[in-house]
Amino acid sequence: MSAHESMEQADQAKEASHENRNIALLIAVIALCLALSETLGKGAQTESIAKNVEASNLWAFFQAKSIRRTTVQTAAEQAKLGLGAAGDDATKAAVQKQIDDWQKTAARYRSEPETKEGTEQLSERAKIAEEERDLAQAKYHHYELASAAFQIGIVLASATIITDMIALAWISGLLTLLGIAFTALGLFMPHLLHLP
């Protein structure tokens, strides 16, 4: 082999080494983006589960309060029916006092702004928790798509080193941009695209 051929091979090796460094840097950037989207996705998934549990608990409490309110209202109505049959004024007064107490309790079960545990407040709180759950789910779906784009980008960039097909690196870069776009949508506009 001549000195000229040796120099040419050395230049080609140096150029390939430079390209491989660029691809390695691309892979590192994509891996960083992947780590970010996975972290955001896990956080959104955890929040979605927590808000779903919160909404379920609030609706269960709502049902329990509704049942209690119905029971107390029924007791008050039955006592009203028996009020006319009560003999003396003292008995009527005692029954009327009990009816009034039951009606106050039923009203408290319906609305209790101080504790936010009336059926009206529980219903509002449950609906808010459901909205927060839906928001977290929308974010999660975007982060999952971003993660998929980043993972495919890493695979294609790695294949570029083996195959020397630079087009794979370009496709990898485009997938990275797509992943960044999905991550941004998840962060700032999760309801812009309706994803299943």
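Keep in mind it's a predicted model, so treat the numbers as computed, not measured. (Residues numbered from 1 in each chain as written. Predicted model: local features only at pLDDT ≥ 70, side-chain atom pairs only at ≥ 80, totals over all residues. Heavy atoms only, no water.)

*Asks:* So what exactly am I meant to see when it comes to the overall build of the protein here?
*Replies:* The helix and strand inventory of the protein stands at 4 helices and 0 strands. Taken over 196 residues, the protein has a buried fraction of 30%. For the protein, restricting intrachain contacts to residue pairs at least 6 apart in sequence, the fraction spanning at least 24 positions comes to 72%. (Helix = DSSP H or I, 4+ residues; strand = E, 2+ residues; numbered from the N terminus. Buried < 20%, exposed > 50% of the residue type's maximum accessible area, 1.4 Å probe, protein only. Contact = heavy atoms within 4.5 Å.)

*Asks:* Hey, could you run me through the packing of aromatic side chains in this one?
*Replies:* A ring pair, where both rings are aromatic, is described by two values, the distance of the centres and the angle of the planes. Following the criterion strictly, the structure yields 1 aromatic pair and no others. Ring geometry for Trp59 against Phe62: centres 5.3 Å apart, planes inclined by 85°, an arrangement best described as edge-to-face. Taken together, the residues Trp59 and Phe62, both in helix α1 (residues 3-83) and 3 residues apart, mark about one turn of the helix. (Phe/Tyr/Trp six-rings, centres within 6.5 Å; stacked < 30°, edge-to-face > 60°.)

*Asks:* What is the right way to look at unusual backbone geometry in this model?
*Replies:* Apart from glycine, the bulk of residues carry a negative phi angle, and the bulk of peptide bonds sit in the trans form. Despite not being glycine, Lys116 shows a phi value in the positive range, around 60°. For Lys116, the location among the structural elements is in the loop between α2 (89-110) and α3 (119-163). One non-glycine residue, Asp164, lies in the positive phi region at around 60°. Looking at the element boundaries, Asp164 is found in the loop between α3 and α4 (166-188). Residue Asp164 is classed as exposed on the basis of its relative accessible area of 57%.

*Asks:* I tried to follow the pattern of salt bridges on my own but got confused; where do I start?
*Replies:* Where charged atoms from two side chains of opposite charge come close, those side chains can pair. Under the counting rule described, the total for this entry stands at 6 salt bridges. Lys51 is paired through a salt bridge with Glu132; the nearest N and O atoms lie 2.8 Å apart. Of this pair, Lys51 sits in helix α1 while Glu132 sits in helix α3, and the two are 81 residues apart along the sequence. In this structure, the salt-bridge partner of Asp101 is Lys97, at a minimum N-O distance of 3.3 Å. Of the two residues, Asp101 and Lys97 are both situated in helix α2; the distance of 4 residues between them amounts to about one turn of the helix. The exposure class of Asp101 is partly exposed, given its relative accessible area of 29%. (Salt bridge = Lys/Arg side-chain N within 4 Å of Asp/Glu carboxyl O.)

*Asks:* Is there a simple way to think about a nonpolar patch on the surface in this case?
*Replies:* A cluster of nonpolar side chains, Leu187, Phe188, Met189, Leu192 and Leu193, forms an exposed patch at the surface whose accessible area comes to about 520 Å². If you trace the backbone, Phe188 turns up in helix α4. (Patch = residues over 30% accessible without salt bridge, like charges linked within 9 Å, V, L, I, M, F, W, Y side chains within 5 Å. Areas by Shrake-Rupley, 256 points an atom, 1.4 Å probe, with all protein chains shown as cover.)

*Asks:* Help me understand α2 in this model?
*Replies:* Note on helix geometry: an α-helix contains 3.6 residues per turn, so any two residues three or four positions apart are oriented the same way. The terminal C-alpha atoms of α2 lie 31 Å apart, and with 22 residues this matches the ideal 32 Å at 1.5 Å per residue to within 8%. Restricting attention to buried positions, one finds in α2 the residues Ile99, Thr105, Ala106 and Tyr109. The buried residues of α2 occupy an angular sector of 125° when the element is viewed end-on, so they sit on one face. Residues of α2 that are exposed and point over 90 degrees away from its buried face: Asp89, Ala90, Lys97 and Lys104. (Expected span 1.5 Å × (residues − 1). Arc of directions from axis to C-beta.)

*Asks:* What is the right way to look at α3 in this model?
*Replies:* Taking 1.5 Å per residue as the helical rise, α3 with its 45 residues ought to reach 66 Å, and the 65 Å between its terminal C-alpha atoms agrees with that figure. Trailing α3 by a residue or two, Asp164 shows a phi angle of about 60°, which is positive.

*Asks:* I would appreciate a short explanation of the environment of Glu19 in the present structure.
*Replies:* Inspection of the secondary structure puts Glu19 in helix α1. Its relative accessible area of 33% is what places Glu19 among the partly exposed residues. In sequence terms Glu19 and Ile166 are 147 residues apart; their C-alpha atoms lie 9.3 Å from each other.

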